Amino acid sequence: MSARLGHVPVPRQGETFSSILLRLSSNHAATAHELCAMLWPKFQFWTRDIDRTAADTLLEAVSRDTGLARATLEAATLRDVVEALGFPERLQGSQRGILPVGIYHRIRRRFGQQYCPACLAGQPPYLRRLWRLEILIACPVHGMLLRDACPSCDAPFVPHREHSMVRRRCHRCGASLTKGQAETAAPHAAMLQQAALCALSHSLDDVADALAHGAITTPRWPVLDGVDNDDLLDGIHRLCQLAAHVHDSSRNSPKARRETWTLLQTRERAAVMELVGRWLADWPAAWIGWAKKHGLTRHYLEVSHGPWPAWVRVGFARLPYSFGIVGIRRPRARG
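Only a predicted model underlies this, so the values are computations on that prediction, with no experimental measurement involved.

Draft legend 1. Spotlight on the overall build of the protein. For the protein, the count of helices and strands is 16 helices and 2 strands. Scored against the burial criterion, the 335 residues of the protein give a buried share of 52%. Across the protein, contacts joining residues at least 24 apart in sequence account for 65% of those joining residues at least 6 apart. Working note: accessible area of the protein is about 16100 Å², and carbon and sulfur atoms make up 50% of it.

Draft legend 2. Molecular detail of the environment of Ala286. Mapped onto the fold, Ala286 is located in helix α14 (residues 285-293). Put simply, Ala286 and Val276 are 10 residues apart on the chain and 9.6 Å apart in space, counted from C-alpha to C-alpha. Those residues in contact with Ala286, other than ones at most four positions away along the chain, are Arg278 and Trp279.

Draft legend 3. Seen up close, the pattern of salt bridges. Applying the stated rule across the entire model yields 17 salt bridges. The salt bridge partner of Arg79 is Asp56, with a shortest N-O separation of 2.9 Å. In this pair, Arg79 sits in helix α6 (residues 79-85) while Asp56 sits in helix α4 (residues 56-66), placing the two residues 23 residues apart along the sequence. Residue classification places Arg79 among the partly exposed residues on the basis of a relative accessible area of 28%. For Asp56, a relative accessible area of 36% corresponds to the partly exposed category. Notably, a salt bridge pairs Arg64 with Asp65, separated by 3.7 Å at the nearest N-O pair. Judged by its relative accessible area of 1%, Asp65 falls in the buried class. Several salt bridges converge on common partners, so that one network encompasses Asp56, Glu60, Arg70, Glu74 and Arg79.

About the criteria used
Residues numbered from 1 in each chain as written. Predicted model: local features only at pLDDT ≥ 70, side-chain atom pairs only at ≥ 80, totals over all residues. Heavy atoms only, no water. Helix = DSSP H or I, 4+ residues; strand = E, 2+ residues; numbered from the N terminus. Buried < 20%, exposed > 50% of the residue type's maximum accessible area, 1.4 Å probe, protein only. Contact = heavy atoms within 4.5 Å. Areas by Shrake-Rupley, 256 points an atom, 1.4 Å probe, with all protein chains shown as cover. Salt bridge = Lys/Arg side-chain N within 4 Å of Asp/Glu carboxyl O.

This is the structure we're talking about:
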């Protein structure tokens, strides 16, 4: 294939589509917005979550001008990640299982673009697809807690602004994104992440590669043995969503954020996953004790957080169905 452009970067294992474009822009001494607006003016790039929403026509145009195979570019999007998660899309503009970046015009209001300081410090710096997973809170390779904001000013990580990814500096204050104290995830949170990644490794090569070269090697709990991968991921998502609704680490956050598991920042999600991991370590007794303490009923769990996979519903029988009459229907008066 003949290409219009030179200095095209070689895509790395697990690299995102947006990251390839950012490195291409840097190679041509242009901002991401300038290069994409000049080469592909008919398409929107940085006012969209381009890794999740890239259309076939856009991939074909970029493939034609860069010489990169269309299949390579498609593999850099989140399409097969979404398919591997097996979650149906629920809300407009977001995808269950994928952290939202909350784009408004070219401003990102959410903290969905995570990064590992050690990975980003490598050569060349690039974004990994795995960093967008809601169940990823620690780097599978280095074991340290991921970041989703500038360690100095707490601004969201926006890779395309001010060459933030390439320069490894915050687009707002200019501070280094890779320096600072490294943190590690709590043990149960790391185990929960490992269990979810193992379920995904059967269908995603970059997950399998990260596990093969990773620093986190922890066994998973007996309750998860023999559970289908889709049911395991669905159950973990629902348990985390339930825990995030009432967990102490989120009490100071606005109510709308507390109810939305994927809008929590990395440290908050790590605390929620640690709680869910402690449940699974002594399942179902630890979870039932927590549910009774917070006054949860089977009716509430099914209506507000269901449908649950079978391996989670095992503990439901020991909870009251409700604390009052639900679903009452009065006979309609005749005549």
